[in-house]
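Residue-level structure breakdown
Chain by chain, the residues run as shown.
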Amino acid sequence: MKQKIIFREIFLLLLLFIQCLTYAQPFVPGTTYFGRNNYIEYIAGNLPLIISVPHGGAVAPSEIPDRTCGDETVTDSYTTNLAKEIRDAIYNITGCYPHIVINNLKRTKLDANRDLPEAACGNEFADKAWNEFHNFLDTASANVTKKSGKGLYIDLHGHGHAIQRLELGYLLTATQLAYSDAVLNTAAYINFSSIKKLINSNVLNLAHSDLLRGNTSLGTLFAAKGFPAVPSADDRYPLTGQTYFSGGYNTERHGSKTLGTIDGIQIECNQDVRFNEVARQDFATKTAQVLLDYLIKHYFPKLPETYCKIVGVEQIGMSEFLLFPNPFDKVLSVKNSMPTDICIYNFQGKLVYSERIGTEETIELGFLKNGVYLVTLGNNGKILYRQKIIKSSVL
Ligand SMILES: [Zn+2]
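What you see is a predicted model, and the numbers here were worked out from it, not measured in a lab. (Residues numbered from 1 in each chain as written. Predicted model: local features only at pLDDT ≥ 70, side-chain atom pairs only at ≥ 80, totals over all residues. Heavy atoms only, no water.)

Before going further, it helps to spend a moment on the coordination of the zinc ion. Distances from the zinc ion to its protein donors, His55 (ND1), Asp76 (OD) and His157 (ND1), fall within 2.0 to 2.2 Å. Its relative accessible area of 2% is what places His55 among the buried residues. (Donors = N, O, S within 2.8 Å, 3.2 Å for Na, K, Ca; no water. Buried < 20%, exposed > 50% of the residue type's maximum accessible area, 1.4 Å probe, protein only.)

Printed below as a string of structure tokens:
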């Protein structure tokens, strides 16, 4: 009898272990995972940035009848292409991937930016796809929270409004955005916001109104790249009579309004930045720069040091810098597109080596202790490139 109980306990433990393995399914950054029938697509990431595309799908299977509930069925054309182009541009800068969740079903079959009854209209297959879409987003959020403690979620859409500007949704209506900074900075309006977590803790200690339309707000960063946006410093709120999307179900559920550590912003893109391929590619490249800049300014000042490939903090033309091998033992080689000053700092920030170098150098560093060092290359005190290197004598 006793043996039987032990056997049962071992069996239960084994079952728990298998369950653990199932839950801990590793998602490899850059790899695409699909839900049932490829309706929902998740490209796993390793940056604290999540992008979803709920309305860009074109797949219209007969097993799901056209939706008869809800009011909107218009596709946000080219937003799936745009999200993938933004991902590629982010990869080109960082060598890392954002998390991307895409609904490939046409909006007439599933609206992935509505609550379940309105999204799926009671169809079991649409219902399953809706759950997969939000489960992938929850997985991405949990991954970002575990790795970085906080992060940013973008729900990417397209609008057909006449004014060619980005409409950024923070769950504040046009009427509310027209209120004074002082009003928006009260607890009542902070509690409405989809970036509540960021308002309560951000690098520059900015107030809610600054994050909505100050000099480093998302809208102002976009405008500086040539893409007008509302709200922003020059376009503080939509005027009476102007159409404007303030954010929907996804921004509320996956942003930080109610709970969690991931802030959410809905980006509604105008047609001029979507329909033409050349224009869209340019917008995608600049959106990648803007989103990374936003993360660095407000969340992670040291983000570039965690990038997945060797990249310069600033680049001049096509300048290239290469430090190798990394890790190194006694000798570090440097390839430089121009003569620079090299400085090497230890983990405590103390300068341990500096020299003026040419375009190809080998530097004897056998005297350094094993450990992590920061190398900067620059001219006249201006840093052009920096990188972490590891000294190890057990290679
Ligand atoms: Zn949409």
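Attention shifts here to the pattern of salt bridges. Oppositely charged side chains may form a pair once their charged atoms are brought near each other. In the structure shown here, the tally under the stated rule is 19 salt bridges. Two residues, Arg36 and Glu63, come together in a salt bridge whose shortest N-O distance is 2.9 Å. Of the two residues, Arg36 is situated in the loop between β1 (32–34) and β2 (40–43) and Glu63 in the loop between β3 (49–53) and α2 (79–94); the sequence distance between them amounts to 27 residues. On the accessibility criterion, Glu63 (26% relative accessible area) is partly exposed. The residue Glu41 makes a salt bridge to Lys84 at a minimum N-O spacing of 3.1 Å. Within this pair, whereas Glu41 is found in strand β2, its partner Lys84 is found in helix α2, the two being separated by 43 residues in sequence. (Salt bridge = Lys/Arg side-chain N within 4 Å of Asp/Glu carboxyl O. Helix = DSSP H or I, 4+ residues; strand = E, 2+ residues; numbered from the N terminus.)

Summed over all chains, the structure comprises two disulfides. A disulfide bridge connects Cys69 with Cys121, and the sulfur atoms are separated by 1.9 Å. As the torsion about the S-S bond is roughly -95°, the Cys69-Cys121 disulfide counts as left-handed. Of this pair, Cys69 sits in the loop between β3 and α2 while Cys121 sits in the loop between α3 (116–120) and α4 (124–148), placing them 52 residues apart in sequence. Cys69 sits in the partly exposed class, given a relative accessible area of 24%. Given a relative accessible area of 27%, Cys121 falls into the partly exposed group. (Disulfide = S-S within 2.5 Å.)

A word on the sheet that holds strand β6 (residues 166–169). The strands making up a sheet associate through hydrogen bonds between their backbones, and the pairing can be parallel or antiparallel. The sheet built from eight strands is open, its strands ordered β1-β2-β4-β3-β5-β8-β6-β7 with mixed pairing. On the outer flanks of this sheet lie β1 and β7 (229–230), each paired with one strand and no other. Across three bridges, β1 lies against β2 in antiparallel orientation. Bridged to Thr32 within β2 is Ile43. (Pairing = 2+ DSSP bridges.)

Quick look at the pairing of strand β12 (residues 351–357) now. Taken together, the six bridges between strand β11 (residues 340–345) and β12 define a ladder with antiparallel strand orientation. Pairing of Asp341 across the sheet is with Arg356, part of β12.

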